[in-house]
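Understanding the architecture of this molecule
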Amino acid sequence: MLDLRQVPDLLQGPGWQAHLPVLIVTIPLIFGVLTIATGKGWKPWAWATAVTGTVFYLALQLIQRVLASPTGMVSYELGNWPRQWGIEYRVDALNAFILLIVAGVGFVTTVYAKHSVEKEIPADRHNFFYAVWLLALCGLLGITVTGDTFNVYVLLEISSLTVYALIAMGKDRHRGALTASLRYLILGSVGASFILLGIGYLMMITGTLNMQDMHERLMSVPGILESRTVLVAFALLLVGLSMKMALFPLHMWLPRAYTYAPSAVSALLAATATKVGVYMAFRFMFTIFGVGFSFITMPTTLILASCATAGILVTGVTAIRQTNLKRLLAYSSVGQIGYIVLGFSLANVNGVAGSVAHILNHALMKGGMFMALGAIVYRLDRCDIRSVRGLGRKMPLTMAAFTVGGLGLVGFPLTAGFISKWYLVQGCLDRPHMWPLAGVVLLGSLLAVVYTWRVVEAAYFQEPDDDRPVKEAPLLMLIPMWVMIGASVFFGINATFTGKISVTAAKALLGVGP
Amino acid sequence: MSWVYLATAVALLVGMFMILIRAIAGPTVYDRILATNALGTKTIVFVTLLGYVSGRTEFIDMAIIYALVSFITTIAILKFAEKGRLD
Amino acid sequence: MQVTEIVTTVFLALGCIISVTGAYGLLRMPDFYTRLHTAGKTDSLGQLLIFIGLVFVTPDLLTQLKLVMVALILMIAAPTATHAITKAAHLHDLRPWTKGDPGGEP
Amino acid sequence: MMFDLSPPLLAIYIPLIGALLIALTGRWPNLREALTLGTAGTLLYTVASIVPRVLAPNFWAVYAKAPPLRLVEVVPGVFLELKVEPLGMVFALIAASLWILNSLYSIGYMRGNAEKHQTRFYVCFALAIASVMGLAFAGNLFTLFVFYEMLTLTTYPLVAHKGTAEALRSARTYLGILVGTSVCFLLAGIIATYVYTGDMAFKPGGVFTRALASGSLTAPVLGTLFILYMYGIGKAALMPMHRWLPAAMVAPTPVSALLHAVAVVKAGVFSVVKVIVYTFGPLTLISAGQGSWLIFMAGATILIASFIALFQDNLKRRLAYSTISQLSYVIIAAALLSPLSLMAATLHIAAHAFGKITLFFAAGSIYTASHKTEVSQLDGIGRRMPFTMGAFTIGALSMIGLPPTAGFISKWYLLSAAWETEYVFVIVVVILSTLLNAGYFLPIIYRAFFRAPPPPGREHHGDHGAFEEDPEHPLDHPTATDGVFGDEADHSEAHSHVHGKLHVPGAHGEAPWPMVVALCCTAAVTVAFFFYSDLAIDLATQLRKGLLP
Amino acid sequence: MTAVVLIDTLLLLLVTVTAVAIIEVRNLYASAMLTSVYSLLLALVWVNMHAMDVAFTEAAVGGGISTILLIGTLVHTAREEKPLKQRVHWRALLLTALCGVALIYGTFDMPRFGDPKAPIHHFRVPEMMAQTVGFANSTAGKQPPPAGFDPAEYRSFNGAVASVPVDPTDTGWRENSVLAQHGIMLPKVLGDEVHAAHPAEADHHQHPADDFNGHVPNSVTSLLAAYRGYDTMFETTVIFTAGMSLIMLLRRPRREGYLQRSAPLADQPVLRVVAKMSIPFILLFGLYVITHGELGPGGGFQGGVVVACAFILFALIFGRPALYRVLPPPVCDLLTGLGVLMYAGTGAACLLLGGNFLDYAQLNSLSPGDGEALGMTLVEYGVGLTVSMVMVTIFNQLAEEQAK
Amino acid sequence: MTDVLGIYNYWIYVILMMIGLYGVIAKPNLIKQAIALGLFQTGIFLYYISMAVVDGGTAPIWTTIDDGAQKFQGPYDNPLPHVLILTAIVVGVSILAVALALIVNIKRSYGTIEADEIERMDHEDRLIEFRAGQAPDAADDAEAHHHA
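Just so we're clear, the structure is a prediction, and the values are computed from it rather than from any experiment.

**Considering the overall build of chain C**
The helix and strand tally for chain C stands at 3 helices and 0 strands. Written out in order from the N terminus, the α and β elements of chain C read α-α-α. Looking at chain C residue by residue over its 106 residues, the buried ones come to 45%. Of the contacts formed within chain C by residues at least 6 apart in sequence, a portion of 68% connects residues at least 24 apart. Of the roughly 5,300 Å² that chain C leaves accessible, carbon and sulfur atoms contribute 72%.

Here you go:
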């Protein structure tokens, strides 16, 4: 039975790091559930901050461990069942990187959430809010570490369900939050069902749920890849994942959801939710089906690249026409997902590396920008383009953060956005006959200039409608905002870390050697 | 012996089909409740029979749960019909 | 075929006939109260007969007990439900069908 | 590495630190402006200190061996790096020296016109200079691109300075064209270069030789890349990409001067020359048979722009079209691809800088003193503002290319190069455009000195936004009776505050003294350049040496 | 045609008819009731296909909770759908038809219904489920494979050729003493692969047959709570999340109080008496289902729903205020969390005892199999607690909303 | 015949799913949509459970353990899909609960649960928001011209 005398040894021993993959997921789970007992006021927030901080620390430890490991990955068998029987966690450079992004952004956003949540959500349900918040993080982190397809589905549903609830919490500010949430719920569930069905098809044909086993089985049994079942499974997964990551024609849920969600939730979602969707696409396409099937047998490149292209251009134009800044950024997010998808649809090292790098870069920039908007909402109760006029002098730091983030979206050199575009364009040029896509990437930047600049112009060169004094955002909002924006600038100036890890991950995914 | 169970089961299915038509057709709410309830009873018998068809008598646990649940559902539906609320 | 099995078959056949007849009545009767009439009776009787029939072929005691229990629950629940339905319909002024009415709908 | 104090890096840090200090001292205008001047002086000193190294006889040998000054590895394998070479040296010298004069002028102008947001103006100006320094000393294409974009960004607030709808719209055009071309074409070209050659460093002779030899790059692709670069560098205002220049005229005059003489357009033509010389290599282009279209394109730009300039009534707009045509001189010279023509290009960058800044200073002085913006209003103004109009005359002569001004020297080299390469088209273009130049500058001088000023009551005043008026609707111009007295009164007050005397319409004299001093200085330099052009010619010769095997 | 297929065919027809009716009936109230019928029929389908636990859950959830939830929603919204301008939505029909054709296209290469040679019955699961799956022979000792079974064929399906070269002398069956005790023989290739993949494994997990010392004959439960216990932990979390969401979305501010007007049915003596009689019984049965989950059909989830049904019945008959006196909402909230914590805590305890997360074997150092069983019981109770409390919460929140 | 019966279940699952999908798309009533979503998911459940069936198999539960021999001859059905679907059913009911909560809230805020009416109201909301937030550039320009 439980022998508590063993516990201290375990905690002190060097072995605890072996449990890192599972700790990262279960800590937000256990402590997230405990959040409902933390009472009122600042306590739930402090609790959530401590938990996310711990998770971030653990993610840092994990990525070090993964990079140091000779096989380039860390595996963990839940319940000590061998992977064929139970569930396996499998963390390689890509996982660890995405995990770090999600954990880091989660931590920073939690710190940021305090004021915003106090203002936007009734005080008597803060503890529930932060509980659901932590569970959302738990789901996103879980999707990222797991190596089991069905586990992906379950965790996907956790993250989705929590996100629906979090979005709907914007209902006190605008009733649109409710319809946004319901629409997301219906589309998201349909998407998730497609994913579940795809997993079912794969399980039926391979007899396993473990990603690695599935891949081996698909590769080793002759004729299996030509079967109609695998083909339809691929199509189902493609459609389901596209819905989850809001790829262009299936993005209908995203703009409203981001617009009406509470500010902190918008920031968290923009920086993590769709990124994890993209990560799933990586796993399914590269790790399970393999590059050969996904990109050579199937016309995936064509489909994804056209969707991405259309997405970049159409949402860019739509974003230009928006007056609500949150909606503007939401449309921009769909376009940015287009970049990420465009990158990996190329299926070459530079393209995929650009994709991976853009996941980080976009998370930082968009997260920071949504935080800036949150600060504006906090002070002005609105965030349309008219309300930011002249705000460049009244809230200089907030608007500066927004501007720098916007420059990143445009892809100005020395911001993070530039790095990913650099890789993406290289990827387009590397692939024969794909050079027009490079043009799309660059044209998308121009659209970004237009929509970003409308805001910058209004903030710095137009006179406000009234001379109401507006205070700068509180420090607890400014610091996280600038951490995100600062990080995006840092990774724009020195992208050695991101560049290296993206290229490593891309090579591992494509199976072209270390 | 199992053909007897099977024949009974099929006969029950036919009965269920008729009840289902009543449930779909209505026309009043009470007809539907009635049909739902009758379907519930048939289902319970059917489950038990299925246990005998396949030779696994654990299925009877299921019948108990069916009975309980369909009873509660009927009460809830009724309460809604009668009082317009659930609590 | 053993005796128990013959007994069971007879019970099952009876239960079957009653159930299906009840279902047919539920489908064909002109109004709610008449349908209630057929459904309420046949439900209870039909299921009772089938359960009794099954008890004979069941070897172990626990299962026999369970069968009896299910039958009992149904014997309690079905009339309760029928009673409640009737009461609700009555309270809501659902008029019984009388000879000469075309469809019997209120 | 970050705090390496070698001179090229210092040249970037100094304006940056200056910008910071200016931002901090914004509350005390005198201190702020003193700091601006001080920073400018220090910068000039620093830049000048590099010159001897560039002029050293063994410069190219050292250049080939010396590692670039690497600041930071942005993407693995791609560095932000600096390296000094003669062309950049010329550009840096021009920018550094003109910054001092421009600052002096700005002080007069900004105070004279009581502009708002002066601190932002000086800060952005310093930042723009920092970008120019980075651009001038860029060691590879990537660095060039980074500072090119920084320059666009830092000058944007200057163009949009006034914040009116008009200014914002023009600034949008400015930003849109510059960013659009650079991102769509220049960046694509740079990345393609990297993909094909794996090398972005500036090397005499270019980087494409190996790729061409190995066959991984074909001549048509090289030609396409060349097109990408030439149109990607929108700051060079090659004809379809020139729209931003007239649009940017809305900015305050010191900014126009910065755009036209010191920084932006110079950055454009500088980049063109640099790319042709160090990325493509004239020999590579010639042997691949690519790039001759540029000569015709630039020639057309020269003629069309000059022709348009003839019909502009707005003084600054006329100057803007003049700039477009003058820039294409540099481009045409570079496109000739002969060592002599590249020297001509280098010299013209310098010569045009001094001439054009003089002209703009003069236009700004006229505006400050009399609020006149149209050529047709300038009758007799030479009598009231003799210094200004004198300087203007010198600048105009330089533009036309008459001795004894700077313009003559560069035009001379250009003609020699054209002669040498036997491009009759170039010779014809130069001659025609000279005539056109004369055609649009001389009437101004004639009006200023030889026409009688109009009687005071018929004086034609422009207000704040007047010179931005669409040229198509000259009749829309407000007159003094149009009911804008409120505005006028405000201005008068502001002026009286600054000048210490009441401003009477029509009774103005010279502009405030810092402006006059500045513009006299630039005029003097324009003339001096004709007599003492050794330094520029030496640097150009050094550049030419690098090209010869 | 076997009995399974016959009944399956007929039942599925019924199910389809019901599905069409659910969508096309305009009265939402009827729709809700048909949903309940649909669930019952579906549960029959599951029973017919021997998915006992699924049928259990479907009956409890679909037939019970979902219907009550739907009706709870109808209280606050509308009973009738708005009449449609257009009876058939052609675009939707086209889209679904296309989608359906694509899906059916995929079914042609699938293993046939009930095909024992389908990969899913052969690749991993036989080992994972050494207890029960597929061709588990009933008598002890080595048995030949079923008649007509070609060992080379099972590795492929629909004509795909097996990748592993087949030794003609090899029957394809692996002898494993432990498994053979249960009369279980595994395909050879697969077994060897596992052993090769885990040469260092020396613990009890190596031999699935004695994983639970025979305590867990219901292999659905052993899969659910042990092999894939991690999934189930998140399943519990999903339920928990749903409860929290309902609280966030619907709970009224505390100052308005929990107790509002309610309409108990206690004035009807028949119902009151029946309810009083049956509630303790239902609760007991719920606990039985939770506890019995390892032996027969049932488990934490099903039992939890049954327990919740008891509370809901109580609230239906005696009014919600009475329920609040029995189970105050704050207590309910805390118990909800406690269930998840029981599950995750069991996992964490295993971790603290030196094993991996959820490695229940650590709970009993002397007998790993008993430890597994203990762990499974604990987590089943956790699931049951959370599920019952969340269901009650959901009911409360939907009912708490004032009717118009 | 055997072939058709062999994939009969898979066809029915597709039909059920498509009935659900049709309801989600075609029906404007939100409650109907939620119910249809449930149908859609049950289609998948049917698919999973169907693949678990083994000819002549029985429920994967041992009945007798103590005597070392099992009571039932013949194969057992595959329990893995059952387990997965248990989880999926739970997920489904959670989603249904949240959807219904949202619908109740929507009814409270919009006064209707018909998607097309809500869509219209949302559109109006957005128009109001758009007008309020419009940067009056155009107005400014007109003003500037007027002043000039």
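**Looking at the packing of helix H2 (residues 29-54) of chain B against helix H3 (residues 61-91) of chain C**
At a minimum axis distance of 10 Å, the contact between H2(B) and H3(C) shows a crossing angle of 175 degrees. Accordingly, the angle class assigned to the pair H2(B) and H3(C) is roughly antiparallel. Residues B:Tyr30, B:Ile33, B:Leu34, B:Asn37, B:Thr41, B:Ile44, B:Thr48 and B:Tyr52 of H2(B) form the contact with H3(C), whose own contacting residues are C:Thr63, C:Leu67, C:Val70, C:Leu74, C:Ala78, C:Ala81, C:Ile85, C:Ala88 and C:Ala89. Along the lines of polarity and charge, the residues of the contact of H2(B) with H3(C) split into 13 nonpolar, 4 polar and no charged.

**Here we look at unusual backbone geometry**
Backbone torsion omega between D:Pro403 and D:Pro404 reads 5 degrees, so that peptide bond is classified as cis. By the secondary structure assignment, D:Pro404 is in the loop between helix H18 (386-400) and helix H19 (406-421). The backbone of A:Asp381 sits at a positive phi, close to 70 degrees, despite the residue not being glycine. Position of A:Asp381 among the secondary structure elements: in the loop between helix H14 (349-380) and helix H15 (391-394). Accessibility expressed as a relative area gives 43% for A:Asp381, which makes it partly exposed.

**Thoughts on H3(C)**
For H3(C), with 31 residues, the first-to-last C-alpha span of 45 Å sits near the 45 Å given by 1.5 Å per residue. One or two positions beyond H3(C), positive phi appears at C:Asp93, with a value near 60 degrees.

**A short note on the interface of chain E and chain F**
Counting residues at the interface gives 104 residues for chain E, matched by 86 residues for chain F. Across the chain E-chain F interface, the total number found is 1 salt bridge. The interface formed by chain E and chain F holds 10 residue pairs in polar contact (both at pLDDT 80 or more) in total. Here the side of chain E that touches chain F gets 13 residues from one element, more than from any other, and that element is helix H3 (residues 52-76) of chain E. Tallied by class, the residues present in the side of chain E that touches chain F amount to 61 nonpolar, 29 polar and 14 charged.

**Notes on the pattern of salt bridges**
Inspection of the entire model under this criterion finds 28 salt bridges over all chains. Among the salt bridges present, the one from A:Asp381 reaches A:Lys119, with a minimum N-O distance of 3.5 Å. Of this pair, A:Asp381 sits in the loop between H14 and H15 while A:Lys119 sits in helix H4 (residues 93-120), and the two are 262 residues apart along the sequence. On the basis of relative accessible area, A:Lys119 is assigned to the partly exposed category, the value being 37%. A salt bridge links B:Asp61 to C:Lys66; its shortest N-O distance comes to 2.8 Å. Taken together, the residues B:Asp61 in helix H3 (residues 59-83) and C:Lys66 in helix H3 connect one chain to another. Residue classification places B:Asp61 among the buried residues on the basis of a relative accessible area of 2%.

**Let's talk about the side chain of A:Arg90**
Residues and elements named next belong to chain A. Along the chain, Arg-90 falls in strand S2 (residues 88-92). Reaching out from Arg-90, the side chain makes a polar contact with the side chain of Glu-88 at a distance of 3.4 Å. Every residue in contact with Arg-90, bar those within four places of it in the chain, is listed here: Met-73, Val-74, Ser-75, Arg-83, Asn-95, Val-145, Gly-147 and Gln-212.

**Here we look at the packing of helix H8 (residues 211-220) of chain A against helix H11 (residues 263-297) of chain A**
All names here are of chain A. At their nearest, the axes of H8 and H11 sit 7 Å apart, and the two run at 50 degrees to each other. When the axis of H8 is compared with that of H11, the two are oblique. Facing H8, whose interface residues are Met-211, Gln-212, Met-214, His-215, Leu-218 and Met-219, H11 presents Arg-283, Thr-287, Ile-288, Phe-289 and Gly-290. The class makeup of the residues in the contact of H8 with H11 is 6 nonpolar, 4 polar and 1 charged.

**A closer look at the pairing of strand S2 (residues 78-82) of chain D**
Residue and element names in this part refer to chain D. Counting buried positions along S2 yields 5 of 5 residues, so the element is predominantly enclosed. On S2, burial covers both faces: Val-78, Leu-80 and Leu-82 on one face and Phe-79 and Glu-81 on the other are all buried. Bridge count between strand S1 (residues 69-75) and S2: 5 bridges; the pairing is antiparallel. By the bridge assignment, Val-72 is partnered in S2 with Leu-80. Joining the antiparallel neighbours S1 and S2 is a turn of 2 residues, in which Gly-77 adopts a positive phi near 90 degrees.

**Considering the environment of B:Ile19**
Along the chain, B:Ile19 turns up in helix H1 (residues 2-25). Spatially, the C-alpha atoms of B:Ile19 and B:Leu34 are 9.3 Å apart, while their sequence positions differ by 15 residues. With residues near it in sequence (within four places) discarded, B:Ile19 still touches B:Ala35, B:Ala38, B:Leu39, B:Lys42, C:Ala23 and C:Leu26.

**Let's talk about the confidence of the model for chain F**
Residues and elements named next belong to chain F. Residues of chain F with pLDDT of at least 70 account for 79%, and the chain-wide mean is 80. The least confident element of chain F, judged by mean pLDDT, is helix H5 (residues 137-147) at 47; the most confident is helix H2 (residues 30-52) at 92. Predicted confidence is poor over residues 65-72, with pLDDT under 50, and the contacts of this stretch with residues over four places away or in other chains come to 18 contacts. The low-confidence segment residues 138-148 (pLDDT under 50) makes 7 contacts with residues lying over four places distant or belonging to another chain.

**Here we look at the nonpolar core**
Counting residues in each nonpolar core, the largest one holds 675 residues, and the members touching the most others are A:Phe344, D:Met133, E:Trp46 and E:Tyr230. Residues contacting A:Phe344, with those up to four places away along its chain left out, are A:Met245, A:Val278, A:Ala281, A:Phe282, A:Met285, A:Phe286, A:Phe295, A:Leu304, A:Gly351, A:Val352 and A:Ser355.

**A closer look at a nonpolar patch on the surface**
Residues and elements named next belong to chain D. A cluster of nonpolar side chains, contributed by Leu-16, Ile-17, Leu-20, Leu-21 and Leu-24, occupies part of the molecular surface with about 460 Å² of accessible area. Its place among the elements puts Leu-21 in helix H1 (residues 7-24). For Leu-21, a relative accessible area of 35% translates into the label partly exposed.

**Points about the confidence of the model for chain C**
Caution applies to low-pLDDT regions: their predicted coordinates should not be interpreted in detail. Averaged over every residue, the pLDDT of chain C is 81; residues scoring 70 or more account for 88%. Confidence, read as mean pLDDT per element, is least for H3(C) in chain C (83) and greatest for helix H1 (residues 3-28) of chain C (88).

**Describing H14(A)**
Residues and elements named next belong to chain A. The terminal C-alpha atoms of H14 lie 45 Å apart, and with 32 residues this matches the ideal 46 Å at 1.5 Å per residue to within 8%. The largest bend in H14 comes to about 25 degrees, at His-358. Counting buried residues along H14, 30 of its 32 residues qualify, which places the element largely inside the surrounding structure. Once H14 finishes, Asp-381 follows within two positions and takes phi at roughly 70 degrees, a positive value.

**Observations concerning the side chain of E:Asp53**
For E:Asp53, the position within the fold is in helix H3. When its relative accessible area of 3% is taken as the criterion, E:Asp53 is described as buried. The residues contacting E:Asp53, other than those within four sequence positions of it, are E:Asn218, E:Val220, E:Thr221, E:Gly296, E:Pro297, E:Gly298, E:Gln302 and F:Leu86.

**Considerations on the environment of D:Gly291**
Residue and element names in this part refer to chain D. Within the element layout of this structure, Gly-291 appears in the loop between helix H13 (282-288) and helix H14 (293-310). With a relative accessible area of 7%, Gly-291 lands in the buried category. For Gly-291 and Leu-337, which are 46 residues apart along the polypeptide, the C-alpha to C-alpha distance reads 9.3 Å.

**Thoughts on the packing of aromatic side chains**
Enumeration according to the criterion identifies 68 aromatic pairs over all chains in this entry. With a centroid separation of 5.5 Å and 85 degrees between ring planes, the pair formed by A:Phe129 and A:Tyr130 is classed as edge-to-face. Each of the two residues, A:Phe129 as well as A:Tyr130, counts as buried. On the basis of an interplanar angle of 75 degrees and a centroid distance of 5.1 Å, the ring pair of D:Phe59 and D:Trp60 is categorised as edge-to-face. Assessed through its relative accessible area of 8%, D:Phe59 is described here as buried. Among the residues examined, D:Trp60 registers a relative accessible area of 14% and is labelled buried. Ring pairing ties together the aromatic residues D:Phe208, D:Phe226, D:Tyr229, D:Tyr231, D:Phe280 and D:Trp293, which thus form one cluster.

How each quantity is defined
- Residues numbered from 1 in each chain as written.
- Chains lettered and ligands numbered in written order.
- Predicted model: local features only at pLDDT ≥ 70, side-chain atom pairs only at ≥ 80, totals over all residues.
- Heavy atoms only, no water.
- Helix = DSSP H or I, 4+ residues; strand = E, 2+ residues; numbered from the N terminus.
- Buried < 20%, exposed > 50% of the residue type's maximum accessible area, 1.4 Å probe, protein only.
- Contact = heavy atoms within 4.5 Å.
- Areas by Shrake-Rupley, 256 points an atom, 1.4 Å probe, with all protein chains shown as cover.
- Axes fitted to C-alpha atoms, helices over the stretch in contact; angles between N-to-C directions.
- Parallel < 35°, antiparallel > 145°, perpendicular 65-115°, else oblique.
- Nonpolar A, V, L, I, M, F, W, Y, C, P; charged D, E, K, R; others polar.
- Expected span 1.5 Å × (residues − 1).
- Salt bridge = Lys/Arg side-chain N within 4 Å of Asp/Glu carboxyl O.
- Polar contact = N/O pair within 3.5 Å; in protein donor to acceptor, adjacent residues only side chain to side chain.
- Pairing = 2+ DSSP bridges.
- pLDDT = per-residue confidence, 0-100.
- Core = buried A, V, L, I, M, F, W, Y, C linked by side-chain atoms within 4.5 Å.
- Patch = residues over 30% accessible without salt bridge, like charges linked within 9 Å, V, L, I, M, F, W, Y side chains within 5 Å.
- Bend = angle between axes of the 7 residues up to and from the residue.
- Phe/Tyr/Trp six-rings, centres within 6.5 Å; stacked < 30°, edge-to-face > 60°.

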